[in-house]
Structure formats: structure tokens, C-alpha cells
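Chain by chain, the residues run as shown.
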Amino acid sequence: MSELKSYTFEEVAQHNTRDDLWIIYEGKVYDASGYLDEHPGGEEVIIDCAGTDATGPFDDIGHSEDAREVLDGLLVGNLEGGAPVKQASTSSQISGEQSPLPMIIAGLVVIGAITYYYAI
Ligand code: HEM
């Protein structure tokens, strides 16, 4: 397998038209031009992300494993320097995703404690 090419943000940003549309997802570069017509979420949302890091928007809607497999097939290269924007664009989302879990555990512990208290 040949080495994947690396592209800078500036290079990716130039592929921002309907017929030549690249997006970044988690530090990798994808060519979504041929997929627009097939996208179940419509072409507009992808066009809105043309030439940019779409990690945040892509994760926000909770795409399936199937969607990630489609993405694999559209891979054109790596983003030079990894995914610096990813940190900024998804960190709030990650903390948003993490926050319910401790709350649920805390809730279960409290319910468990109350049940135990009344049971004895
Ligand atoms: C090339 C990149 C993308 C691929 C391969 C892709 C693929 C898919 C697939 C397969 C689905 C069907 C549901 C699922 O399997 O999760 C879907 C739904 C959807 N996608 Fe994407 N998607 C891409 C980019 C985006 C972006 C950048 C957005 C921006 C917000 C977006 C928004 C949506 C929405 C809103 C739906 C839900 C449609 C519905 O259920 O009515 N997608 N996408």
C-alpha cells in the first residue's frame, strides 16, 4: 500500500466547490464530491462543510458505523500535522457526552442507598 499524501489546511480549503469537495474528519482528508447525491442527510450540510474540518458536525449528528465505512472509501490523504482543530471543535462535545454518565451513576448510587436504607 502506498503512503497516504499529507495536505495542509490551506490545500484542503481550496477544494470547496460542489464538484471538488474535500472535508477533514479526525485528521484525515476525504473527497466527498461523488457522495453528495447519495448522502441521506442531503448535500447542503456537506457543502456547508466544504474545505473545512467537519469532525464536529459529523459527530454531532451521531453518524453510524456504516457512515464511517463510506467515509473510509472517500479517503484521499492525511491532514498535515494531525488534527489540531479536532481538539477545539470536539472537546466541548466530548465533555457534553461525558457529563451524563457520572450523573447517571450518581443517581443509581443514591437510589440504591435509599432503597437499602428503607430495606433494613
Ligand atoms: C462525506 C462525509 C459524510 C458521509 C460519508 C455521511 C454519511 C451519512 C450516512 C450513511 C447517513 C445515514 C445515517 C447513518 O448511517 O448514520 C447520514 C445521515 C446524515 N448525515 Fe451524513 N455523512 C457525511 C457528512 C455529513 C456532514 C458533514 C453532515 C453535517 C451536519 C451530515 C449530516 C447528516 C444528517 C443530518 C444525517 C441524518 C439524515 C436523516 O436521518 O434524516 N453528514 N450521513
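Not measured: the values here are computed from a predicted model.

(A) Summary view of the nonpolar core. Membership of the largest hydrophobic core comes to 15 residues, with the highest contact counts inside it found for Leu 21, Ile 23, Tyr 25, Tyr 30, Ile 46, Phe 58 and Leu 71. Of all the secondary-structure elements, those providing two or more residues to this core are β3 (20-25) and α4 (65-73). Among the elements that make up this core, the one with the highest residue count is β3 (three residues). Look past the residues within four positions of Tyr 25 in its chain and what remains in contact with it is Tyr 30, Ala 54, Thr 55, Phe 58, Asp 59, Arg 68 and Leu 71. Among the nonpolar cores identified, the runner-up in size contains six residues, and Tyr 7, Trp 22, Ile 24 and Leu 79 belong to it.

(B) Summary view of the sheet that holds strand β1 (residues 5-7). Pairing in this open sheet of five strands is mixed, and the strands run β1-β5-β4-β3-β2 from one edge to the other. Both outer strands of the open sheet, β1 and β2 (16-17), are each paired with one neighbouring strand and no more. Both β3 and strand β4 (residues 28-31) contribute to a ladder of four bridges, which runs antiparallel. Among the inter-strand pairings, Trp 22 is bridged to a residue of β4, identified as Asp 31. Where α4 meets the sheet, it contacts β3, β4 and β5 (75-79), and its direction lies at approximately 90° from that of β5.

(C) Here's a closer look at the site of the ligand. Around the ligand, the structure places 18 residues, and the nearest of them are Tyr 35, His 39, Ile 61, His 63 and Ser 64. Here a nitrogen atom of the ligand sits 2.8 Å away from a polar atom, N or O, in the side chain of His 39. His 63 is positioned such that a nitrogen or oxygen atom in its side chain is 2.8 Å from a nitrogen atom of the ligand. A molecule is said to occupy a pocket when more than half its atoms come within 2 Å of that pocket's grid points, and by this definition the ligand occupies the largest pocket. Looking at the shell around the ligand, the element that brings in the most residues is α4, giving three residues. In terms of residue class, the shell around the ligand is built from 14 nonpolar, four polar and no charged.

(D) Main features of the confidence of the model for the protein. Per-residue confidence for the protein averages 88 on the pLDDT scale, and 85% of its residues sit at or above 70. In this model residues 86-96 is a low-confidence stretch, pLDDT under 50, and it forms 12 contacts with partners more than four residues away in sequence or in other chains.

What counts as what
Residues numbered from 1 in each chain as written. Predicted model: local features only at pLDDT ≥ 70, side-chain atom pairs only at ≥ 80, totals over all residues. Heavy atoms only, no water. Core = buried A, V, L, I, M, F, W, Y, C linked by side-chain atoms within 4.5 Å. Buried < 20%, exposed > 50% of the residue type's maximum accessible area, 1.4 Å probe, protein only. Helix = DSSP H or I, 4+ residues; strand = E, 2+ residues; numbered from the N terminus. Contact = heavy atoms within 4.5 Å. Pairing = 2+ DSSP bridges. Axes fitted to C-alpha atoms, helices over the stretch in contact; angles between N-to-C directions. Near = heavy atom within 4 Å. Polar contact = N/O pair within 3.5 Å; in protein donor to acceptor, adjacent residues only side chain to side chain. 1 Å grid on protein atoms, 1.4 Å probe; cavity = no way out; pocket = protein on both sides within 12 Å on 5 of 7 lines; lining within 4 Å. Sits in = over half its atoms within 2 Å of the grid points. Nonpolar A, V, L, I, M, F, W, Y, C, P; charged D, E, K, R; others polar. pLDDT = per-residue confidence, 0-100.

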